[in-house]
Amino acid sequence: MCSYFIFPISSSVSFSLGRKKIMLQLHEISKSFGTLPVLNKVSFTVEDGEIVALIGPSGCGKSTLLNIIAGIQKPDEGALSGGSDAMAYVFQDDRLLPWRTVWDNIRLVRDKENRSVIQELIDTVGLSGFETYYPAQLSGGMKKRCGIARSFYYESHLLLMDEPFQGLDYCLRREMLHLLLKVWQKHKQGVLFITHEIDDALTIASRIIVLSPRPSEISKEFMLPGQEGRDPGSPELTDIRREIIAAITN
(Lines give C-alpha, C1' and ligand atoms only; values in the text may rest on other atoms or scores of the structure.)
Protein backbone atom coordinates (compact mmCIF):
# COMPACT_ATOMS: atom_id res chain seq x y z
CA MET A 1 0.00 0.00 0.00
CA CYS A 2 1.22 3.49 -0.72
CA SER A 3 0.77 6.55 1.40
CA TYR A 4 2.36 9.93 1.77
CA PHE A 5 5.44 11.77 2.86
CA ILE A 6 5.99 15.46 2.27
CA PHE A 7 9.52 16.23 1.23
CA PRO A 8 10.20 20.00 1.09
CA ILE A 9 12.38 21.03 -1.83
CA SER A 10 14.05 24.40 -2.20
CA SER A 11 13.63 25.97 -5.61
CA SER A 12 13.51 29.29 -7.39
CA VAL A 13 10.55 31.64 -7.51
CA SER A 14 7.73 31.32 -10.01
CA PHE A 15 7.53 33.57 -13.04
CA SER A 16 4.92 34.84 -15.47
CA LEU A 17 4.54 34.10 -19.14
CA GLY A 18 2.03 36.58 -20.52
CA ARG A 19 -0.94 36.41 -18.16
CA LYS A 20 -0.12 32.91 -16.95
CA LYS A 21 1.86 32.29 -13.80
CA ILE A 22 4.23 29.43 -14.54
CA MET A 23 5.20 27.41 -11.47
CA LEU A 24 7.46 25.01 -13.36
CA GLN A 25 8.97 24.85 -16.83
CA LEU A 26 10.93 21.93 -18.28
CA HIS A 27 12.96 22.42 -21.43
CA GLU A 28 14.20 19.39 -23.40
CA ILE A 29 14.97 17.20 -20.39
CA SER A 30 16.89 14.03 -21.36
CA LYS A 31 18.10 11.22 -19.12
CA SER A 32 19.82 7.87 -19.62
CA PHE A 33 20.96 5.20 -17.20
CA GLY A 34 24.11 3.75 -18.67
CA THR A 35 23.24 2.72 -22.22
CA LEU A 36 19.48 2.80 -21.52
CA PRO A 37 17.84 6.04 -22.75
CA VAL A 38 14.81 6.90 -20.61
CA LEU A 39 13.77 10.51 -21.35
CA ASN A 40 14.27 12.29 -24.66
CA LYS A 41 13.87 16.09 -24.80
CA VAL A 42 10.78 16.37 -22.60
CA SER A 43 9.36 19.90 -22.36
CA PHE A 44 6.23 21.16 -20.60
CA THR A 45 4.96 23.66 -18.01
CA VAL A 46 2.80 23.54 -14.89
CA GLU A 47 0.78 26.67 -14.20
CA ASP A 48 -0.39 28.01 -10.88
CA GLY A 49 -3.66 26.42 -9.75
CA GLU A 50 -3.85 23.66 -12.36
CA ILE A 51 -3.57 19.90 -12.05
CA VAL A 52 -1.37 18.38 -14.75
CA ALA A 53 -1.62 14.60 -15.03
CA LEU A 54 1.40 12.89 -16.54
CA ILE A 55 0.49 9.48 -17.91
CA GLY A 56 2.42 6.86 -19.83
CA PRO A 57 3.25 3.15 -20.02
CA SER A 58 5.09 1.40 -17.19
CA GLY A 59 8.83 2.01 -17.30
CA CYS A 60 8.61 5.12 -19.46
CA GLY A 61 10.36 7.33 -16.90
CA LYS A 62 7.50 9.09 -15.12
CA SER A 63 9.04 8.71 -11.67
CA THR A 64 12.49 9.56 -13.03
CA LEU A 65 11.10 12.80 -14.39
CA LEU A 66 9.54 13.65 -11.04
CA ASN A 67 12.85 12.93 -9.29
CA ILE A 68 14.60 15.30 -11.69
CA ILE A 69 12.05 18.03 -10.95
CA ALA A 70 12.57 17.44 -7.23
CA GLY A 71 16.35 17.62 -7.56
CA ILE A 72 16.84 14.02 -6.42
CA GLN A 73 18.37 13.13 -9.81
CA LYS A 74 20.07 15.31 -12.41
CA PRO A 75 19.18 15.36 -16.12
CA ASP A 76 21.86 14.58 -18.70
CA GLU A 77 20.59 17.45 -20.83
CA GLY A 78 17.99 20.20 -20.63
CA ALA A 79 16.98 22.84 -18.14
CA LEU A 80 14.48 23.38 -15.37
CA SER A 81 13.13 26.77 -14.33
CA GLY A 82 10.38 28.25 -12.24
CA GLY A 83 9.04 26.39 -9.27
CA SER A 84 8.29 27.96 -5.91
CA ASP A 85 10.14 28.64 -2.70
CA ALA A 86 9.35 25.05 -1.77
CA MET A 87 7.75 22.11 -3.48
CA ALA A 88 6.14 19.15 -1.74
CA TYR A 89 6.74 15.60 -2.98
CA VAL A 90 4.21 12.86 -2.25
CA PHE A 91 5.98 9.52 -2.65
CA GLN A 92 4.39 6.15 -3.41
CA ASP A 93 5.78 4.65 -0.20
CA ASP A 94 4.01 4.57 3.14
CA ARG A 95 5.87 7.26 5.09
CA LEU A 96 3.46 8.04 7.89
CA LEU A 97 5.54 7.89 11.06
CA PRO A 98 4.16 4.98 13.15
CA TRP A 99 4.99 6.60 16.50
CA ARG A 100 3.05 9.79 15.66
CA THR A 101 -0.70 10.32 15.80
CA VAL A 102 -2.81 11.53 12.88
CA TRP A 103 -2.52 15.07 14.26
CA ASP A 104 1.25 14.89 14.70
CA ASN A 105 1.84 13.27 11.30
CA ILE A 106 0.12 16.27 9.72
CA ARG A 107 1.72 19.00 11.83
CA LEU A 108 5.32 17.75 11.45
CA VAL A 109 5.72 19.35 8.00
CA ARG A 110 5.68 22.88 9.44
CA ASP A 111 7.91 24.39 12.10
CA LYS A 112 5.00 26.17 13.76
CA GLU A 113 1.71 24.50 14.55
CA ASN A 114 -1.49 26.11 13.22
CA ARG A 115 -4.16 24.20 15.10
CA SER A 116 -7.14 25.71 13.30
CA VAL A 117 -5.74 24.82 9.86
CA ILE A 118 -4.86 21.27 10.95
CA GLN A 119 -8.35 20.73 12.33
CA GLU A 120 -9.97 22.15 9.19
CA LEU A 121 -7.97 19.73 7.03
CA ILE A 122 -8.78 16.79 9.30
CA ASP A 123 -12.47 17.66 9.09
CA THR A 124 -12.31 18.08 5.31
CA VAL A 125 -10.81 14.62 4.73
CA GLY A 126 -13.24 12.96 7.14
CA LEU A 127 -10.88 12.10 10.00
CA SER A 128 -12.66 14.01 12.76
CA GLY A 129 -12.44 11.97 15.95
CA PHE A 130 -9.27 10.16 14.84
CA GLU A 131 -6.81 12.92 15.72
CA THR A 132 -5.11 10.82 18.43
CA TYR A 133 -5.02 7.55 16.49
CA TYR A 134 -1.74 6.03 15.31
CA PRO A 135 -1.17 4.67 11.78
CA ALA A 136 -1.44 1.06 12.98
CA GLN A 137 -4.98 1.84 14.14
CA LEU A 138 -6.06 3.21 10.74
CA SER A 139 -7.33 1.50 7.62
CA GLY A 140 -5.47 1.96 4.33
CA GLY A 141 -8.00 4.53 3.18
CA MET A 142 -7.74 6.48 6.41
CA LYS A 143 -3.94 6.60 6.09
CA LYS A 144 -4.37 8.12 2.65
CA ARG A 145 -6.81 10.68 4.02
CA CYS A 146 -4.16 11.65 6.54
CA GLY A 147 -1.62 11.91 3.73
CA ILE A 148 -3.87 14.21 1.71
CA ALA A 149 -4.31 16.48 4.73
CA ARG A 150 -0.57 16.54 5.37
CA SER A 151 0.28 17.38 1.76
CA PHE A 152 -1.92 20.49 1.85
CA TYR A 153 -0.90 21.53 5.36
CA TYR A 154 2.65 22.00 4.07
CA GLU A 155 1.28 24.88 1.92
CA SER A 156 3.62 24.50 -1.02
CA HIS A 157 2.70 26.25 -4.26
CA LEU A 158 3.61 23.16 -6.26
CA LEU A 159 2.73 19.60 -5.25
CA LEU A 160 4.42 16.62 -6.92
CA MET A 161 2.47 13.34 -6.61
CA ASP A 162 3.95 10.04 -7.76
CA GLU A 163 1.09 7.54 -8.27
CA PRO A 164 -0.26 8.26 -4.77
CA PHE A 165 -3.20 5.85 -5.07
CA GLN A 166 -1.35 2.91 -6.59
CA GLY A 167 -2.68 -0.47 -5.44
CA LEU A 168 -6.11 0.76 -4.33
CA ASP A 169 -9.25 -0.82 -5.71
CA TYR A 170 -11.32 1.27 -8.11
CA CYS A 171 -13.94 2.48 -5.61
CA LEU A 172 -11.43 3.51 -2.96
CA ARG A 173 -9.23 5.21 -5.55
CA ARG A 174 -12.21 7.24 -6.75
CA GLU A 175 -12.98 8.24 -3.18
CA MET A 176 -9.38 9.39 -2.65
CA LEU A 177 -9.39 11.38 -5.90
CA HIS A 178 -12.49 13.29 -4.87
CA LEU A 179 -11.07 13.94 -1.40
CA LEU A 180 -7.91 15.29 -3.02
CA LEU A 181 -10.00 17.56 -5.23
CA LYS A 182 -12.08 18.72 -2.28
CA VAL A 183 -8.97 19.96 -0.48
CA TRP A 184 -7.33 21.30 -3.67
CA GLN A 185 -10.39 23.44 -4.43
CA LYS A 186 -9.74 25.36 -1.20
CA HIS A 187 -6.01 25.85 -1.77
CA LYS A 188 -5.63 25.78 -5.60
CA GLN A 189 -1.90 25.09 -5.77
CA GLY A 190 -0.27 23.68 -8.87
CA VAL A 191 -0.18 19.88 -8.94
CA LEU A 192 1.83 17.49 -11.11
CA PHE A 193 0.07 14.16 -10.72
CA ILE A 194 1.78 11.06 -12.11
CA THR A 195 -0.43 8.06 -12.82
CA HIS A 196 -0.81 5.08 -15.11
CA GLU A 197 -4.60 5.07 -14.59
CA ILE A 198 -6.37 6.82 -17.47
CA ASP A 199 -9.60 7.21 -15.46
CA ASP A 200 -7.71 9.00 -12.67
CA ALA A 201 -6.19 11.44 -15.14
CA LEU A 202 -9.52 12.10 -16.86
CA THR A 203 -11.19 12.70 -13.50
CA ILE A 204 -8.73 14.94 -11.73
CA ALA A 205 -6.68 16.81 -14.31
CA SER A 206 -6.98 20.24 -15.83
CA ARG A 207 -4.58 19.00 -18.50
CA ILE A 208 -3.13 15.61 -19.46
CA ILE A 209 0.36 15.07 -20.87
CA VAL A 210 0.99 11.64 -22.40
CA LEU A 211 4.49 10.18 -22.56
CA SER A 212 5.45 7.70 -25.26
CA PRO A 213 7.16 4.38 -24.50
CA ARG A 214 10.86 4.63 -23.64
CA PRO A 215 12.85 6.65 -24.59
CA SER A 216 9.98 8.90 -23.60
CA GLU A 217 8.84 11.95 -25.48
CA ILE A 218 5.61 13.91 -25.16
CA SER A 219 3.32 12.29 -27.69
CA LYS A 220 0.01 14.01 -26.83
CA GLU A 221 -1.32 16.84 -24.70
CA PHE A 222 -4.98 17.43 -23.85
CA MET A 223 -6.77 20.37 -22.22
CA LEU A 224 -9.77 18.67 -20.65
CA PRO A 225 -13.32 20.03 -20.96
CA GLY A 226 -15.33 21.03 -17.92
CA GLN A 227 -14.25 21.17 -14.29
CA GLU A 228 -11.88 18.90 -12.41
CA GLY A 229 -13.82 16.06 -10.77
CA ARG A 230 -15.55 15.02 -13.99
CA ASP A 231 -16.98 11.57 -14.75
CA PRO A 232 -14.28 9.71 -16.74
CA GLY A 233 -16.94 7.73 -18.56
CA SER A 234 -18.72 10.79 -20.00
CA PRO A 235 -19.18 10.76 -23.81
CA GLU A 236 -17.18 13.99 -24.29
CA LEU A 237 -14.07 12.17 -23.05
CA THR A 238 -14.42 9.12 -25.30
CA ASP A 239 -12.19 10.41 -28.08
CA ILE A 240 -9.55 11.65 -25.63
CA ARG A 241 -9.48 8.24 -23.93
CA ARG A 242 -9.07 6.54 -27.30
CA GLU A 243 -6.19 8.83 -28.24
CA ILE A 244 -4.44 8.28 -24.91
CA ILE A 245 -4.65 4.50 -25.27
CA ALA A 246 -3.33 4.71 -28.83
CA ALA A 247 -0.43 6.96 -27.75
CA ILE A 248 0.58 4.64 -24.91
CA THR A 249 0.38 1.40 -26.86
CA ASN A 250 1.83 2.47 -30.20
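Predicted, not measured: the structure shown is a model, and the values here were computed from it.

Moving on: the overall build of the chain. Within the chain, the secondary structure is distributed over seven helices and eleven strands. A total of 250 residues make up the chain; the buried ones form 52% of that total.

In this section: the pairing of strand E5 (residues 51–55). Here E5 lies mainly inside the structure; five of its five residues are buried. In E5, alternate side chains face the same way, and those of Ile51, Ala53 and Ile55 on one face and Val52 and Leu54 on the other are all buried. Note: E5 against strand E9 (residues 190–195), five bridges, orientation parallel. For Ala53, the partnering residue across the bridge sits in E9 and is Phe193. Of the pairings in the sheet, the one linking E5 to strand E10 (residues 207–211) comprises four bridges and is parallel in character. The residue of E10 that forms the bridge with Leu54 is Ile209.

Quick look at helix H3 (residues 115–124) now. If you check which residues of H3 are buried, you get Val117, Ile118, Leu121, Ile122 and Thr124. Along H3, the residues classed as buried sweep out an arc of 165° about the axis, all on the same side. Opposite the packed face of H3, turned more than 90 degrees from it, sit the exposed residues Arg115 and Ser116. In this structure, the buried side of H3 is in contact with helix H2 (102–107), helix H4 (140–153) and helix H5 (170–187).

This part is about the environment of Pro164. Along the chain, the position of Pro164 falls in the loop between strand E8 (158–162) and H5. Residue Pro164 is classed as buried on the basis of its relative accessible area, which comes to 0%. Measuring from C-alpha to C-alpha, the distance between Pro164 and Phe193 comes to 8.4 Å, with 29 residues separating the pair along the chain.

Looking at the chain, pLDDT values average 84 and 89% of them are 70 or higher. Ranking the elements of the chain by mean pLDDT puts strand E1 (residues 9–10) last with 38 and E10 first with 95. In the predicted structure, residues 1–19 sits below a pLDDT of 50 and forms 86 contacts with residues beyond four places in sequence or in another chain.

Time to look at H4. Between its first and last C-alpha, H4 extends 20 Å over 14 residues, near the 20 Å set by a 1.5 Å rise per residue. Taken across its 14 residues, H4 has twelve buried, putting it largely inside the fold. If you check which residues of H4 are buried, you get Gly141, Met142, Lys144, Arg145, Cys146, Gly147, Ile148, Ala149, Arg150, Ser151, Phe152 and Tyr153. Of the residues one or two after H4, Glu155 is the one with positive phi, at around 60°.

Calculation notes
Within every chain, residues take consecutive numbers counted from 1 along the sequence as written. Reporting of local features is limited, given that this is a predicted model, to residues whose pLDDT is at least 70; pairs of side-chain atoms are given and counted only at 80 or more, and all residues count toward the totals for whole chains, interfaces and linings. To obtain the side-chain values, all non-hydrogen atoms of the structure were included, while hydrogens and water were left out. The numbering of helices and of strands both runs from the N terminus, where a helix is a DSSP run of H or I of at least 4 residues and a strand a run of E of at least 2. Any residue under 20% of the maximum accessible area for its type is buried, any over 50% is exposed, and the rest in between are partly exposed; the area is computed with a 1.4 Å probe on protein chains only. In this analysis, strands are considered paired if DSSP registers two or more bridges between them. Here the arc refers to the set of directions running from the helix axis out to each C-beta atom. By definition in these notes, contact holds between two residues if any of their heavy atoms fall within 4.5 Å. Predictor confidence is given residue by residue as pLDDT, running from a minimum of 0 to a maximum of 100. What a helix should span is 1.5 Å times the count of its residues minus one.

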